[in-house]
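Residues per chain are reported as follows:
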Amino acid sequence: MLRLILCSLLVLPSLARAEDIERGRLLALRWCAGCHVVDRSATEARADGVPTFPAIAGKPNSSSEHLRAAMNPIHGRMPDLALGKRDQDDLAVYILSLR
Ligand code: HEC
């Protein structure tokens, strides 16, 4: 029994993380793919200069704080998507998982 509890303590956090990444990926497909290339398969950026998510993930200053700030409306040409905190968090983990 103790072993079972220990085992789930070890496994659960990583499961939660995989789930967040998957949730972020679905959000990205739904809300971001109209402008950004959102998955790893992209080999080049779009002609209009909108950065791809793998490119964003690869930038050294792309922390999750930076990504969340970029999702807020005051920023540049990004539209106001009114994303909740959890959505922003999951999108940020997804983008950083592309590293
Ligand atoms: C209507 C088009 C559009 C949509 C939809 C859009 N973006 Fe953007 N995004 C842009 C443009 C254009 C830029 C380039 C920077 C700028 O000019 O503000 C950008 C920049 C960014 C950056 C900043 C990159 C950096 O280096 O700082 C992040 C992060 C980002 N977008 C994330 C998202 C996420 C996450 C979504 C979906 C929830 C999303 N974007 C949806 C147009 C869009």
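Look a little higher up for the structure.
Residues numbered from 1 in each chain as written. Predicted model: local features only at pLDDT ≥ 70, side-chain atom pairs only at ≥ 80, totals over all residues. Heavy atoms only, no water.

### Considerations on the pattern of salt bridges
- The tally for this structure, following the rule as stated, stands at eight salt bridges.
- R25 is paired through a salt bridge with E22; the nearest N and O atoms lie 3.1 Å apart. Taken as a pair, R25 and E22 lie in helix α1 (residues 2-32) at a separation of three residues, close to a single helical turn.
- Judged by its relative accessible area of 33%, R25 is partly exposed.
- Here E65 ties to R68 by a salt bridge, and the two come within 3.7 Å at their closest N and O atoms. Of the two residues, E65 and R68 are both situated in helix α3 (residues 64-70); the distance of three residues between them amounts to about one turn of the helix.
- Take E65: its relative accessible area is 51%, and that puts it in the exposed class.
- Beyond isolated ion pairs, a larger network of salt bridges with shared partners links D20, R23, R86, D87 and D90. (Salt bridge = Lys/Arg side-chain N within 4 Å of Asp/Glu carboxyl O. Helix = DSSP H or I, 4+ residues; strand = E, 2+ residues; numbered from the N terminus. Buried < 20%, exposed > 50% of the residue type's maximum accessible area, 1.4 Å probe, protein only.)

### Remarks on the nonpolar core
- Membership of the largest hydrophobic core comes to 16 residues, with the highest contact counts inside it found for A28, C32, F53, L67, L91, Y94 and I95.
- Among all residues touching C32, those that are not within four sequence positions of it are L27, V38, F53 and L91. (Core = buried A, V, L, I, M, F, W, Y, C linked by side-chain atoms within 4.5 Å. Contact = heavy atoms within 4.5 Å.)

### Focus: helix α4 (residues 85-97)
- Spanning 13 residues, α4 covers 18 Å between terminal C-alpha atoms, matching the ideal 18 Å at 1.5 Å per step.
- Buried within α4 we find D87, Q88, D90, L91, A92, Y94 and I95. (Expected span 1.5 Å × (residues − 1).)

### Thoughts on the side chain of D87
- Relative to the helices and strands, D87 resides in helix α4.
- The contact partners of D87, leaving out residues within four places of it in the chain, are R23 and L27.

### Thoughts on the environment of L26
- Along the chain, L26 falls in helix α1.
- L26 gets classed as partly exposed once you look at its relative accessible area, which sits at 47%.
- Distance from L26 to L91, taken between C-alpha atoms, is 8.9 Å for residues 65 residues apart in sequence.

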